[in-house]
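Architecture at a glance
What follows is the residue order along each chain.
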Amino acid sequence: MLSLAARWLRGPGRRLTVAREGKWVIGITVGVGLAAINTGNNLLFLVWGMLLSSVMLSGVLSEAALRGLNRRWIRVNDGNAKTPTLIQIEITNDNRFWTSYAVQVGTLWHDESGAEHSFWGPFWVEVSPGETRVANIKAVFPSRGKWVLKELHYRTTYPFSFFEKLRFRTVSDYSVWIGPALIDNEVLIDQVRDIGQTAQYQDAGNFGDIRGIRPYRNGDSLGLIHWLTTTRHQTWMSKELEESKGVSVSLRWSPEATTKQELEEELVRLHSLVHFLLE
């Protein structure tokens, strides 16, 4: 019996939180138990036994709901500070017969300074035996830099919502780099000098100087056909322009900050500008 209990409890760590309803149940259980012992009333003993059984049943069923949940892979998209970053975790219920009810998956991250932040995903009413699901978690990291995934969490309030049981598994060697925050930056390219950078804008496209003549390629504009050369070589010839289609921007950043906070603000502006131009 003891070996069976040891195998059942072996595994990830656990945390138990008592809900408000659970505190009422515990208080009533203690009160009924004291009354039953003092009075010797069989009916009170029966009620006391039912209350104790509900508490024990809550612990057993919640443990069974979280027992077989295991992750298969984790994927984190590139993100920026103070902006939702998508975290995807594939979870499989490895129980052969038991369905997991009222389950929520979460993650615990910490940065280089040791600050910890938890992010929770969707609430699943049930996960059938052998079923695989992907939890999409929108995490908002408060600062840029390297964030390390410390723990993977599973929690449930099944079956009576008296207690919230949380199981956590330690994750090793998984981290993500988060870029600086993005701010609304609708500046024009010729206004970049106002925030300390300079930009060079080159109007490019199909109206530059002719660089040479080459054979026609599928997809070339008919307006680029060089008719004189085409007539001479009896094959389609196209003009090759000096500039390719697109915009070329050159940024020169000379930080003038005197404090770390001012440097972060300049970096956020520069990063937001680059992100705006790339889009």
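Along each chain, residues carry numbers from 1 onward, in the same order as the chain's sequence is written. Local features are withheld for residues below a pLDDT of 70 in this predicted model, meaning they are given only at 70 or higher, and side-chain atom pairs are given and counted only at 80 or more; totals for whole chains, interfaces and linings count all residues. Side-chain descriptors were evaluated using all non-hydrogen atoms of the structure, hydrogens and water having been removed beforehand.

**Brief notes about the pattern of salt bridges**
- Salt bridge, as used here: a side-chain nitrogen of Lys or Arg that lies within 4 Å of a carboxyl oxygen of Asp or Glu. Counted under the stated rule, the structure contains 9 salt bridges.
- Between Lys165 and Glu63 there is a salt bridge whose closest N-O contact spans 3.5 Å. Of this pair, Lys165 sits in strand 9 (residues 163-170) while Glu63 is found in helix 3 (residues 42-67), placing the two residues 102 residues apart along the sequence. Accessibility classification places Lys165 together with Glu63 in one group, the buried group.
- Lys150 serves as the salt-bridge partner of Glu116, at 2.7 Å between the closest nitrogen and oxygen. Taken as a pair, Glu116 in strand 6 (residues 116-127) and Lys150 in strand 8 (residues 145-156) lie far apart in primary sequence, 34 residues in all.
- Glu116 sits in the partly exposed class, given a relative accessible area of 41%.
- Via salt bridges that share partners, Arg14, Glu63, Arg67, Lys165 and Arg167 belong to a single interconnected network. Elements are defined by DSSP. Helices are runs of H or I of four residues or more, strands are runs of E of two residues or more, and each kind is numbered from the N terminus. Summary of the burial criterion: residues with accessible area below 20% of their type's maximum are buried, those above 50% are exposed, and those between are partly exposed, where the area comes from a 1.4 Å probe applied to protein chains only.

**Quick notes on the sheet that holds strand 7 (residues 132-140)**
- One requirement defines pairing of two strands: DSSP has to find at least two bridges between them. Ordered in space as 2-4-7, the 3 strands form an open sheet in which the pairing is antiparallel. Of all the strands in the sheet, just strand 2 (69-76) and strand 7 have a single pairing partner and so form its edges. Mean inter-strand twist for the sheet, computed between neighbouring axes without regard to direction, equals 25°.
- The pairing of strand 4 (residues 84-93) with strand 7 spans 9 bridges and is antiparallel. Paired with Thr92 across the two strands is Thr132, which belongs to strand 7. A fitted line through C-alpha atoms serves as each axis, taken over the contacting stretch for helices, and the angle formed by two N-to-C directions is quoted from 0 to 180°.

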